[in-house]
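# Summary of the model geometry
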Amino acid sequence: MRLNIHSVKVGFLFVFAGFLVLAFTFGKGSVTTTKASISGPPSARTGAPGELNCTDCHSQNAGVGQMSIVAPASYTPGQTYTIQVKHVTTDTTRKRWGFEMTSLANNVTAGAFANINATTKIISGSGRSYIEHTSTGTFQNQTGGATWSFNWTAPATNVGNVTMYAAGIQSNNNGSESGDQTYMTNVVIPPGAVTVIRNHVFSDFDGDGKSDVAVFRPTDGNWYVTGSANSQFQVTPFGLATDVLTPADFDGDNKTDVAVWRSGSAGVAGFYILQSTTNTVRYEQFGQTGDDPSAVGDWDGDGKADPAVYRDSASGSQSYFYYRGSSNNPSGSTTFLPWGMTGDKPLASDFDGDGKMDLAVFRPSNQVWYISQSSNGALRTDYWGIASDKFVLGDFDGDGKTDLSVYRNGMWYIRRSSDNTISYIPWGVSTDVPVTGDFDSDGKSDVGVYRNGTWYILMSGTSALNVRQFGNSTDRAIASVNTH
């Protein structure tokens, strides 16, 4: 009988191949786990709720090492932070390293990871996003520990506490899972407390949470301020009769700073700010003749007002808002945003309550407000007011959002953002200057008027009339700066 050598060889190869398939399918041998650990683990191995961890492939061995996550103490929505995952150990037999991490809020992916070097990569699975080591990022034969750095951009809105979960390996680099050490850790990052510059505490020069009665006198260039309890009186020489008043909290100390904008050619025009924290003058070259500096406000949500202007018909019929953010802007870059058309009235304020200014204009031709909400980029349109009205920006219902409000011949027309109800308040006469602020510190804007040196304020907390004599007929009431 002749032996068919060819048939025997083919048969042997099929059997060997079948053995390899079984080994890869059912075994947790060195080939499978070593490959996984070097190139990065599969998704959902961080130890987060509903997930496995490194012990799914590696034996659970204790060691003297530690694993940690270096993250910010709190987050500001939309801000980018550098995160680090660290391994440290005194065990010199540890010579290869690995990790996988995810960030969750209410068990849903929160924020976004970004690589900053070749030691990490981003994967996804089970509806979640993960960042983990690469082959380069195993740091072969390195002892003492390992560190991976990458960026994480916080969620665009406040989603509550964000928890970062990470699982990791400290390996002995022997080509198998034997002797590897597994670790898990997590860190909770709460949302940061945002200091919101709200319109109802506008004109608070002493930081007590109440708007102050204050005027600017063009004839002598002085600011006259009386404290909200009549216990303080200050006179500050600052500005020219031709300057535009732009008081706001530019240094973030919860006090309104004396400030003006002076027109001029590009490169000359700018803001002059007397910072209340240091009592020093800060000059911000910004804008040009024809700009509207009423756009000053907190555009980046860091609790500080930013220099800003609105330029009508900046390019053809397109108008623009320009601002210089104070948050994470070391080079002093200017942001410009197209919004509005020729003839629109700029009314930027915080209409969605996220602590940031929203792009907003009123179009006299069709009597429509066009608002771009900074919290989600959504366009909001509202019919409210007519071209001849005086537009008064304030939070009259205390929900942290600017309400649509106008003053017309002694009548206040207010649409409350909290419940969309409408209030008609007769207060003043047609020749009065409308003023608003939180003069009684109840968290709501009060309606008021300035008449030839006399203030008539309707306190929202008690509905009581507050009459104050302060100023003269040619003075500018500071609380009227919020009127357009």
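Preceding block: the structure.
Figured I'd write up the structure that's included with this text. (Residues numbered from 1 in each chain as written. Predicted model: local features only at pLDDT ≥ 70, side-chain atom pairs only at ≥ 80, totals over all residues. Heavy atoms only, no water.)

Let us now look at the nonpolar core. In this structure, Ile83, Phe99, Met101, Trp148, Phe150 and Trp152 are the most contacted members of the largest nonpolar core, which totals 24 residues. Every element with two or more residues in this core is listed here: β1 (66–70), β2 (80–88), β3 (96–105), β8 (145–153), β9 (162–171) and β10 (181–189). Setting aside chain neighbours within four positions, we find Phe99 in contact with Pro41, Met67, Val85, Thr120, Ile131, Glu132, His133, Trp148, Phe150, Ala167 and Gly168. Grouped together as the second largest cluster of nonpolar side chains are 13 residues, Ala248, Trp261, Phe271 and Ala305 included. (Core = buried A, V, L, I, M, F, W, Y, C linked by side-chain atoms within 4.5 Å. Buried < 20%, exposed > 50% of the residue type's maximum accessible area, 1.4 Å probe, protein only. Helix = DSSP H or I, 4+ residues; strand = E, 2+ residues; numbered from the N terminus. Contact = heavy atoms within 4.5 Å.)

A few words now on the sheet that holds strand β29 (residues 433–437). If you trace the four strands from one edge of the open sheet to the other, you get β29-β30-β31-β32, paired in antiparallel fashion. Looking at strand neighbours, the two that pair on one side only are β29 and β32 (465–469), the edges of this open sheet. Strand-to-strand twist in this sheet, taken as the mean axis angle between neighbours without regard to direction, amounts to 25 degrees. Here five bridges tie strand β31 (residues 454–458) to β32, and the two strands are oriented antiparallel to one another. Looking at the pairing, Tyr456 lines up with Val467 of β32. (Pairing = 2+ DSSP bridges. Axes fitted to C-alpha atoms, helices over the stretch in contact; angles between N-to-C directions.)

Mapped onto the fold, Thr454 is located in strand β31. Note on Thr454: relative accessible area 11%, which makes it buried. The residues contacting Thr454, other than those within four sequence positions of it, are Val449, Val467, Arg468 and Gln469.

Applying the stated rule across the entire model yields 25 aromatic pairs. Aromatic side chains Phe362 and Phe391 sit 4.6 Å apart centroid to centroid with 45 degrees between the ring planes, which places their arrangement in the tilted category. Taken as a pair, Phe362 in strand β22 (residues 359–363) and Phe391 in strand β25 (residues 390–391) lie far apart in primary sequence, 29 residues in all. One exposure class covers both Phe362 and Phe391, and it is buried. These aromatic residues form a ring-pair network of at least three members: Phe99, Phe113, Phe139, Trp148 and Phe150. Above the ring of Tyr413, the side-chain terminus of Arg408 is found at 4.6 Å from the ring centroid. (Phe/Tyr/Trp six-rings, centres within 6.5 Å; stacked < 30°, edge-to-face > 60°. Lys NZ or Arg CZ within 6 Å of the ring centre and 35° of its normal.)

Quick look at the pairing of strand β11 (residues 213–217) now. Burial within β11 is extensive, with five of its five residues counted as buried. The sheet contact formed by β11 and strand β12 (residues 222–226) spans five bridges and is antiparallel. Considered in β12, the bridge of Ala214 is made with Val225. In this structure, the hairpin formed by β11 and β12 is closed by a connection of four residues, where Gly221 is found at a positive phi of approximately 70 degrees. Sheet topology places β11 next to strand β33 (residues 476–477); two bridges connect them, and they run antiparallel. Across the sheet, the residue bridging to Phe216 is Arg476, located in β33.

Going through the model one piece at a time under the given rule, you end up with 13 salt bridges. Linking Arg128 and Glu51 is a salt bridge whose minimum nitrogen-to-oxygen distance equals 2.8 Å. Highlighted residues: Arg128 in strand β7 (residues 128–133) and Glu51 in the loop between α2 (30–39) and β1, separated in sequence by 77 residues. Residue Arg128 shares its accessibility class with Glu51, and that shared class is buried. Because the salt bridges share partners, they merge into one network encompassing Arg282, Glu284 and Arg324. (Salt bridge = Lys/Arg side-chain N within 4 Å of Asp/Glu carboxyl O.)

Okay, unusual backbone geometry next. Backbone geometry places Asn452, a non-glycine residue, at a positive phi of 50 degrees. Note that Asn452 resides in the loop between β30 (446–451) and β31. Given a relative accessible area of 59%, Asn452 falls into the exposed group. With a phi angle near 65 degrees, Ser463 is a residue other than glycine that sits in the positive phi range. By the secondary structure assignment, Ser463 is in the loop between β31 and β32. What makes Ser463 exposed here is its relative accessible area of 59%.

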